[in-house]
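Below are the chains, spelled out letter by letter.
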Amino acid sequence: MNATVEVETHSETAASGMPPERFGKLSEWLAAQLQTRAADRMGYTPANLVWVQEQCQKLLAHHSVNLVNGDLARLLETVADEVVGYGPIGPSLRDPTVSEVMVNGSDLVYVERDGRLIETHIRFRDDDHVLRVIERIVKPLGRTIDRRRPLVDARLPDGSRVNAIIPPAALNGPTITIRKFPARRLSVQDLIRFGSLTQHMADFLQACVAARLNVVVAGGTGSGKTTLLNVLSSFIPEHERIVTVEDSAELQLQQKHVVRLETAPELPDGTGRVTIRDLVINALRMRPERIVVGECRGGEALDMLQAMNTGHDGSLTTVHANSPRDAISRLETMVLMAGFELPVRVVRQQIASAIDLIVQQERLSDGSRKITRITEVQGMEGENVVLSDIFLFQAVAVSTDTGKVEGEMKPTGIRPNFSPRLQAAGFKLSGEMFGAGTMGPAVKQAQRR
């Protein structure tokens, strides 16, 4: 689903007595004076903010510039963003209601709030201004971005994920996309309160994870897969050894016995690259009781499936897919990317025997994120993998007043074939949870496909 695009109607510049043009020139002049002295100061930290404040006040006093308190506070924040922070997008990165910031060149910036894309009044002076902010992001990480390497993935100190791409690869000018790292990890109760799933669905997923079923979370970009994976990982018992594998570290596991692995880009001399597949293979040598792969994108899917089929039960991962059936096709494609000539039937058998459950996550047209299907992988029937929905979200209508998608999350009336495994792990789930007797045989047959 594409998020709705809106335009902010309020000004992002606080009202004050200083004309905007004079404010802009004064802040630029102060930033230019301080940047030559701040080479070793990076980050919007308390110590750096105090330093910027002291330097600005000295310069203002020296030139007999007097400002009212509101103007002074705003000026100090703006200069701090320019000198030690991330320029005009600094306030948005500090705004707890913003989940993503998108810079499409110097004169067009969007943010995401509550699942909706909003055009802001934020502007950079020119492309060079955007490039300086990108440089400030990547330099402390030992990364470079230039004509030879015009794109880079990075991670801010707070864990936020950054992608930057510059001309000639970016036709609209230097582009920055920042997915903010949540200040507080969401719990399953938060997701229930948001309407992302029901209590019955949460109890079922908790039983599946604790009983060591292999679970794939499927969904599109921005649908909330990583958030859901974090919640599912919270159901892993505290005493188990967990190895996480990520392209860019986003998982927030709270257990104590966690080993976190992250990919590494190649060095300027072409060496040093560490891929997801390298890490998955290495994770198998680390005596893991659980492997959590942030996202399967390529040949590592084969290694992941082999791990699931050879005693590493209870593994979790995510894939980009729009439905459980698409997730199976996506896994097939990724296994073939490993470089082995495997018959499609063999690949499907690997998938069917390794994966127990697919949880489909979607971002709906109103910006809300919901689990729309919880689907069991039942095995093979002929040449095809058999899927059976356990829970479904059924959209009814879109409110004409609020644009909110109205619908209901319901069990299909089918109890999963792996129920004995849940019972053996101590989870005796009632028939009511699965809607026993609430759906007719024709509907049940339709859900098994």
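Residues numbered from 1 in each chain as written. Predicted model: local features only at pLDDT ≥ 70, side-chain atom pairs only at ≥ 80, totals over all residues. Heavy atoms only, no water.

**Examining the pattern of salt bridges**
- On inspection of all chains with the given rule, the structure shows 20 salt bridges.
- Note that Glu112 is salt-bridged to Arg363, the shortest N-O span being 2.6 Å. Taken together, the residues Glu112 in strand S3 (residues 109-113) and Arg363 in strand S13 (residues 357-363) connect sequence positions 251 residues apart.
- The buried category is assigned to Arg363, whose relative accessible area is 13%.
- Residue Glu383 is joined to Arg345 by a salt bridge in which the shortest nitrogen-to-oxygen separation is 3.7 Å. (Salt bridge = Lys/Arg side-chain N within 4 Å of Asp/Glu carboxyl O. Helix = DSSP H or I, 4+ residues; strand = E, 2+ residues; numbered from the N terminus. Buried < 20%, exposed > 50% of the residue type's maximum accessible area, 1.4 Å probe, protein only.)

**Some words on a negative patch on the surface**
- Taken together, the side chains of Asp107, Asp126, Asp127 and Asp128 present a region of like negative charge at the surface.
- Tracing the chain through its elements places Asp107 in the loop between strand S2 (100-104) and S3.
- Note on Asp107: relative accessible area 52%, which makes it exposed. (Patch = residues over 30% accessible without salt bridge, like charges linked within 9 Å, V, L, I, M, F, W, Y side chains within 5 Å. Areas by Shrake-Rupley, 256 points an atom, 1.4 Å probe, with all protein chains shown as cover. Lys, Arg positive; Asp, Glu negative; His and termini not counted. Charge placed at Lys NZ, Arg CZ, Asp CG, Glu CD.)

**Topic: the sheet that holds strand S9 (residues 242-246)**
- Spatially, the nine strands line up as an open sheet ordered S10-S9-S11-S12-S8-S13-S14-S15-S16, and their pairing is mixed. In this open sheet, the two edge strands, each paired with only one partner strand, are strand S10 (258-262) and strand S16 (405-411). Each strand axis lies, on average, 25° off the axis of its neighbour in the sheet, ignoring direction.
- Two strands pair when backbone bridges link them, and strand S8 (residues 215-219) and strand S12 (residues 316-320) are joined in this way by five bridges, in the parallel orientation. Counterpart to Ala218 in the pairing with S12 is Val319.
- Where helix H8 (residues 225-233) meets the sheet, its contacts fall on S8, strand S11 (290-293), S12, S13 and strand S14 (369-381), and the angle it forms with S12 comes to roughly 165°.
- Here helix H11 (residues 324-336) sits on the sheet in contact with S8, S12, S13, S14 and strand S15 (384-398), set at roughly 135° to S15. (Pairing = 2+ DSSP bridges. Axes fitted to C-alpha atoms, helices over the stretch in contact; angles between N-to-C directions. Contact = heavy atoms within 4.5 Å.)

**Let's talk about the pairing of S9**
- Burial runs high along S9: five of the five residues are buried.
- By the alternation rule, side chains of S9 split into Ile242, Thr244 and Glu246 and Val243 and Val245, which are all buried.
- Where S9 and S10 come together, five bridges link them in parallel fashion. Of the residues in S10, the one forming a bridge with Val245 is Leu261.
- Note: S9 against S11, four bridges, orientation parallel. Its bridge partner being in S11, Thr244 is matched across the sheet by Val292.

**Notes on the packing of helix H10 (residues 300-309) against helix H12 (residues 344-354)**
- Across the interface, H10 lies against H12 with an axial gap of 9 Å and an inter-helix angle of 50°. With respect to their mutual orientation, H10 and H12 come out oblique. The crossing of H10 and H12 is left-handed. Only Gln350, Ile351, Ser353 and Ala354 of H12 make contact with H10, whose side of the interface consists of Leu305, Gln306, Met308 and Asn309. (Parallel < 35°, antiparallel > 145°, perpendicular 65-115°, else oblique. Left-handed = near helix turned anticlockwise from the far one by under 90°.)

**Quick notes on the pairing of S13**
- Among the seven residues in S13, six count as buried, and that is most of the element.
- Note that S13 and S14 share seven bridges and pair antiparallel. When the sheet's bridge partners are listed, Ile358 is paired in S14 with Thr375.
- The turn linking S13 back onto S14 is made up of five residues, and Gly367 within it adopts a positive phi angle of 90°.

**Regarding H8**
- Across the nine residues of H8, seven count as buried, placing the element largely inside the fold.
- If you check which residues of H8 are buried, you get Lys225, Leu228, Leu229, Asn230, Val231, Leu232 and Ser233.

**Thoughts on the environment of Arg290**
- Here Arg290 is to be found in strand S11.
- On the basis of relative accessible area, Arg290 is assigned to the buried category, the value being 1%.
- Along the chain, Arg290 and Arg421 lie 131 residues apart, while their C-alpha atoms are 17 Å from each other.
- Those residues in contact with Arg290 that sit more than four places away from it in its chain are Val209, Ala210, Arg212, Ile236, Pro237, Glu240, Arg241, Ile242, Val243, Asp313 and Gly314.
- Within the structure, the side chain of Arg290 is placed 2.7 Å from the side chain of Glu240, a separation counted as a polar contact. (Polar contact = N/O pair within 3.5 Å; in protein donor to acceptor, adjacent residues only side chain to side chain.)

**Overview of the nonpolar core**
- Counting residues in each nonpolar core, the largest one holds 40 residues, and the members touching the most others are Phe204, Leu205, Leu232, Leu357, Ile374 and Leu422.
- Put simply, the parts of the chain that give this core at least two residues each are helix H6 (188-194), helix H7 (199-210), S8, H8, S13, S14, S15 and S16.
- The biggest single contributor to this core is H7, with seven residues.
- Sequence-distant contacts of Leu205, defined by excluding residues within four places in its chain, comprise Leu197, Leu232, Phe235, Leu357, Val359, Ile371 and Ile374.
- Formed by 37 residues, the second largest nonpolar core is a distinct cluster that contains Leu261, Cys296, Ala307 and Ala352. (Core = buried A, V, L, I, M, F, W, Y, C linked by side-chain atoms within 4.5 Å.)

In short, shape yes, function no, at least from these values alone.
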